[in-house]
Every structure is written in C-alpha cells, then in structure tokens.
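# Secondary and tertiary structure notes
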Amino acid sequence: MRLVGDQRGASEVVGAILVFGLLVMLLSIIQLQAVPNANAGVEYEHSQTAQGDLDRLDESIDRTVETGNSEGVGVQLGTQYPTRLVTFNPPPPEGSLRTENRGEIQIDNASASGPAGVIFNGGERDFYHSHSLVYEADYNEYDNAARRVREVGIGYDEFRDGTVVRTQPFIDGATIELVTFNRSFEAQSSGSELIEPTDVSGPATTVPVNNAAPNESIRIEVPTSLDNETWSEALKGELVENGGHVESFSVNNTTDRLVVHLEPGITYDLRMADIGFGEADSEEPLYMVPSPGSEGPASVDVGREGSVSVEVRDKYNNPVGGVDLTAEFIDGSGTPIDGNGVLKTGEQSGNRVNVSTNASGVATVTYEAPSSFDSELVRFSPTRNNSTLNPTAAQVLTGFAGDQSVVMRGAAGVPDEGTVTLRVQNLGEQREVLGVELNSAKEVTATEVASRSGLSGTLGGIVDDLGDLAGILSGGEIDFGLVGTDVSKVSYTPGNITTITVDNGSDDPATYDEFVAPQGAGPSFVTGGELQSLGVGEVADLKLGLGDSYEVGGGKVFVAEITVYYTGGQSETYQVQFAGAGS
C-alpha cells in the first residue's frame, strides 16, 4: 500500500513568495513615485530657502556699494535628502553661484566738472568690464526652480516656463547706478557656503555728469540677456513722456546689448562700483584729487600745524587705499625745493616724506606753517616707478583768505582817542583774530576831495556823501579809491596798532597788547591766538588802538585801510573813515 506525502509545507512557501513579491512591488512603487514626490518637496523647500539667502546677499552687495563695508551671507547652495532605510536617493542636488563673462559697459558724451573730468570729458569710455552673477540649482525632481541673475543694470528671476520677475533697473529718475562684478568667481556645493562681497572699487562716489555736446544725449550701453520686451516694461516709467529722462532705448539681439539715450540738459548723479567675493585686489589707482572736500587750497594758520591731503581714485571714481606716495615741496616749475614750512608723517619730517592712502583713499601729511604768511606747493607722487598714477600738486596757504566769510557790519574812528572800531559778523565756522595790519592811513582835505569828485565842499557834506555812496554808515565799505587816488596832500599818518579788543557782548572783553611782529611777509602784528573766539553768526566789535591820537577838523578827514587775519586761513580787508565830532 503506497502512502501520499504531506503537502502542507508547500503552501507556506508559496505564501511567503507572494508576500515577498508584494513587498517588492510596494517598494518599487514607493521608489518610483513616493520618493521622487518627497524629494521634489525637499527641493522646493530648498529653492525657497535659497531665494531668501540670495535676497540677503543682494542686500549685502548693496550695502557694500553704499558703505564699502562687507558682510558675509550664508547661502544654502544645494540640499540633502533625508536618509531612508530601504529606498534609495539620487545624488544630492548641487547649486552653483558663479560669474559669467558679459562684456564692456560704454558711456559716451558724458562730461563731469571737477576731478572726475579726467574720466568723463565727453569721449567714449569703454574700460568697464562686467560679469553677470548667476545662481541655479541642479534639481532632480523640481522642474520650475528660478534661475537668479544679477546683471550690471538689473536683477531678475528667470523660470523655466519663461516667466521673468525683475528688479529696479539701473536708471531711477536722474540717478544712474552701475555695479559690475569684474572678477571670476564660482562656488558649487550641495550644502551651505559663506559668500562675502568685497568692494574692489567702492563705496560708490556720486559724480554729477551732463551731456558734453549741446543738445546731444548721453549714451549708455550695457550687456544684457533680456529681450526688448522685458526692458520695455522695466524702463516704461523712466521714459521722458512718463516723467523720466530716457529718450529712447533698444536691445540689439545680435550683440545682446542694451543702448539707452538720456535726455540732454539734465544733471545726472552717476554712481559706479565694482564688487568681488572673498579675497580680491583693489582696482588700480587712476588719478589724484588735491585737497579733498574743499573747493580751494588747504589753509593753515601762521605758526601752527595743519594738514595737506590728496585723495586717490580709480576709474570708477572711488577711493583706493594702500597707495604709497611721496610728498615734497616744489616750486612753480615742478622742481623740488626747501620749503618755508615743514612736512611731517609719523617719525619723518622735512622737505620730503612718505605717506600712504588710508581706507578712504586719503593721504595726509602734517604741515608745520612758518611764522609768516606764505603759499607753498606740495607734490604727491607714486613711489612705484611703473605706476600709471600721475603726480598731483596741492597748494597750502598760510594765513590767506579761505572760503568762509567775516563781513563788516559797521565801522567808526575816534580821532582824539586814536581808536578804530570794526563791527563784524562771522558767517562761517568759529574762528579767532590771528593778526592785524594797518595797510595805510591818509589825511585828505575836503577841498581836494570835492574838487576831484564833484561832492559838496564842506567836511560834513563829504562825510554824508561818502556814507551815501558806500553805505559806510549802515555797515558797508567806503569807496577807498574815491578818496585815495592821486591825493596830493598827505600830511599825517597815524602810528602802529598797539592794542586790539574783541568785544562780543561778554562781561569781560579780551584785550591784547603784546603783539609779535612776524618775520617775512604778512600782517604787521600777530596776536598769539589769545583773544575771544568769534562764534558762528556772532556779531562782535574789534576795537583797535593806535600808537598816536590826532585831531580831525578844519576840513580834514582820515581814511584807513586795515586787514584782519582770522584762524582758518581767513583774512578780510576793511576801509574806515575818521571824522571829528564837529564835522
């Protein structure tokens, strides 16, 4: 009799195979559908994070352009997928931030007054090279991530579906801002990188420019990858017919360049800067500006210390630090000479010293002024023989007129007391009386003045007429030439000035009577800087005592010319008349 085998174990094996097959199928579905969908979500979230990081990077670039101070920003260039126990992830997506070579910027028919006229003199300028700054991520699943681009004239997000979201263009009313990335750079990672903008040329200096040729527009040409339609939308509000200053524009699709023509007769504020990332050398210096921040030469008080400065700038009109210079005295022909003053920098002093520009591009030497009023030239030259930077001479004045004014509000002379009072008002910065000089004092007769000027023949009439003509009685200056030219009879000249009092209304006016006679040219007497200061806008009486008293009468009048020297390099010459009480 044959026995049939037990088949119960076979069914369990079949069941296990079926379960395993189902698991494999389920894992396949998860791998092919669920994992990609999950990874697409990771990539989308990273895209949003990266856009926020790039926004902060744009802000950091703008601050660097504005202030020159760099600030690193962490940018999450790429991302990592979460670890999965059974399923597999593709390689983590990497993102790249890089510069792409674009071409030259051209500026034509722009003219700048002042130092920037070295660059903008009406000709074509095309030595500004530019790159675009581009960010994009290599995602595995997310298809509509934005490609972030910052060109020299505009920034935008470009999506794969063709949508472009742009920022403000480089023209905003009468302000033009051109920021270049003139250095190669690339950062690529599936993680985060610290990106630090560096001011290769900055902070941006504002330069007013106008059209050089009359009735012709300034032309600006920049490289671009955007089409004419996108630029039309960007520049719509800047068109002349819409209240802006853009006359016309067009994009050359063959050369990928935007050409803009600006309305003539408008003063534009041009700002330019060049930005790098990480370690980057500064832009090469191009020219120097003597006495930066001042319209005129530097001025130093007699016998005191002041400073003489130049500012070194590059082709973007921005300061360049760390430039080594030599400062020396020269004559009018450019020959080095021994100066009347002394130049100083640190431990160096003499007729020639070395100096370097600071972070603001300014090189400053101390000038020890002589004890007389003087004018000297200080030439700053690059120490490198192969430098393309041209030497520049800065003028320094000792005790000459500066650009702030002290005006006379009234004048009077008292002959029997031998005093002169000048009522002055200080319209500039606070200053002191540094020195005084009696240039001339002449006596003329009423008859002589009347016979030559057609005025009345009495002394009282002359005084009245002089007051009417020159406003002396109401605070003006007399016409010194009226009574001082070709006068034949000069019978008396008052003595030197012996005292000076500054009365600014305080309880104890300061008087100085120990004048020091300086050597060489300059005022007759120097006060030593011990008088009360004239405050800003303050009215004060300068009372001058003369060495002699005298009488006025019998048809005589005295006219004096006096120069007062103030601190800050300010001097003013005043004319005043003396007349007796009975006149």
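Up top is the structure these notes are about.
Keep in mind it's a predicted model, so treat the numbers as computed, not measured.

## Here we look at the overall build of the protein
For the protein, the helix and strand inventory stands at five helices and 36 strands. Sequence separation of at least 24 residues holds for 70% of the intrachain contacts in the protein that already meet a minimum separation of 6. Summing over all exposed atoms, the protein offers an accessible surface of approximately 27,600 Å²; the carbon and sulfur share of this is 47%.

## A look at the sheet that holds strand β27 (residues 392–398)
The pairing of strands in a sheet comes from backbone hydrogen bonds and takes either a parallel or an antiparallel form. Strand order in the open sheet formed by five strands is β19-β27-β26-β21-β24, and the pairing between neighbours is mixed. A single partner strand is all that each edge strand has here, and the edge strands are β19 (298–300) and β24 (352–356). This sheet shows a mean twist of 30° between the axes of neighbouring strands, independent of strand direction. Here three bridges tie β19 to β27, and the two strands are oriented parallel to one another. Paired with Val-300 across the strands is Thr-398, a residue of β27.

## Here we look at the sheet that holds strand β22 (residues 342–345)
Ordered by their spatial adjacency, five strands build an open sheet running β18-β20-β25-β22-β23, and the pairing between neighbours is antiparallel. Taken across any chain shown, the strands that pair with only one partner, and hence form the sheet edges, are β18 (285–290) and β23 (348–350). Along the sheet, successive strands turn relative to each other by an average axial angle of 25°, direction set aside. With five bridges connecting them, β18 and strand β20 (residues 305–314) associate as antiparallel partners. Note that in β20 the partner of Met-288 across the bridge is Val-312.

## Some details on the nonpolar core
Phe-120, Phe-170, Leu-178, Val-209, Trp-231, Val-260 and Leu-262 are the most contacted members of the largest nonpolar core, which totals 39 residues. Each residue touching Val-260, except ones within four places of it in the same chain, is listed here: Phe-170, Ile-171, Ile-218, Arg-219, Ile-220, Leu-235, Val-246, Ser-248 and Phe-249. Formed by 24 residues, the second largest nonpolar core is a distinct cluster that contains Leu-438, Ile-497, Leu-544 and Tyr-574.

## Remarks on the layout of surface pockets
Summary: where empty space remains is shown by rolling a probe the size of a single water molecule over the atoms. Considering only enclosed or pocket space, the largest pocket measures out at about 460 Å³ in volume. Around the largest pocket, the lining is made up of 27 residues, and of these Asp-62, Arg-150, Gly-155, Thr-167 and Gln-168 lie nearest the centre. Looking at the lining of the largest pocket, the elements with two or more residues in it are α1 (8–67), β5 (147–150), β6 (155–158), β8 (171–172) and β9 (175–180). Residue contributions to the lining of the largest pocket peak at five residues, all from α1. A breakdown of the residues in the lining of the largest pocket according to their chemical character gives eleven nonpolar, five polar and eleven charged.

## Examining the side chain of Asp-53
Along the chain, Asp-53 turns up in helix α1. Setting aside residues no more than four positions away along its own chain, Asp-53 makes contact with Val-73, Gly-74, Val-75 and Gln-76.

## Quick notes on the side chain of Ser-309
Inspection of the secondary structure puts Ser-309 in strand β20. A polar contact of 2.8 Å, which involves the side chain of Ser-309, links it to the side chain of Thr-364.

## Let's talk about the pattern of salt bridges
One pass over the structure, following the stated rule, counts 29 salt bridges. Lys-344 is paired through a salt bridge with Glu-305; the nearest N and O atoms lie 3.0 Å apart. On the criterion of sequence distance, the pair formed by Lys-344 in strand β22 and Glu-305 in strand β20 is long-range, its members being 39 residues apart. Classification of Lys-344 by relative accessible area gives partly exposed; the value is 25%. For Glu-305, a relative accessible area of 49% gives the class partly exposed. A salt bridge links Arg-352 to Glu-328; its shortest N-O distance comes to 2.8 Å. Of the two residues, Arg-352 sits in strand β24 while Glu-328 sits in strand β21 (residues 324–330), which places them 24 residues apart along the sequence.

## Side note on the packing of aromatic side chains
Enumeration according to the criterion identifies eight aromatic pairs in this entry. Ring centres of Phe-185 and Phe-277 lie 4.9 Å apart, and the angle between their planes is 35°; this geometry places the pair in the tilted category. Highlighted residues: Phe-185 in the loop between β9 and β10 (186–189) and Phe-277 in strand β17 (residues 268–277), separated in sequence by 92 residues. Of the residues examined, Phe-277 reaches a relative accessible area of 10% and is grouped as buried. Note on Phe-329 and Tyr-367: the rings are 6.2 Å apart at their centroids and 70° apart in plane angle, and the pair reads as edge-to-face. Of the two residues, Phe-329 sits in strand β21 while Tyr-367 sits in strand β25 (residues 362–368), which places them 38 residues apart along the sequence. Residue Phe-329 is classed as buried on the basis of its relative accessible area of 1%. By the ring-pair criterion, three or more aromatic residues cluster together here, those being Tyr-44, Tyr-139 and Tyr-142.

Rules and cut-offs
Residues numbered from 1 in each chain as written. Predicted model: local features only at pLDDT ≥ 70, side-chain atom pairs only at ≥ 80, totals over all residues. Heavy atoms only, no water. Helix = DSSP H or I, 4+ residues; strand = E, 2+ residues; numbered from the N terminus. Contact = heavy atoms within 4.5 Å. Areas by Shrake-Rupley, 256 points an atom, 1.4 Å probe, with all protein chains shown as cover. Pairing = 2+ DSSP bridges. Axes fitted to C-alpha atoms, helices over the stretch in contact; angles between N-to-C directions. Core = buried A, V, L, I, M, F, W, Y, C linked by side-chain atoms within 4.5 Å. Buried < 20%, exposed > 50% of the residue type's maximum accessible area, 1.4 Å probe, protein only. 1 Å grid on protein atoms, 1.4 Å probe; cavity = no way out; pocket = protein on both sides within 12 Å on 5 of 7 lines; lining within 4 Å. Points joined across faces, edges and corners; volume = space filled by probe spheres on them. Nonpolar A, V, L, I, M, F, W, Y, C, P; charged D, E, K, R; others polar. Polar contact = N/O pair within 3.5 Å; in protein donor to acceptor, adjacent residues only side chain to side chain. Salt bridge = Lys/Arg side-chain N within 4 Å of Asp/Glu carboxyl O. Phe/Tyr/Trp six-rings, centres within 6.5 Å; stacked < 30°, edge-to-face > 60°.

Read these as layout, nothing more, since geometry by itself doesn't imply function.
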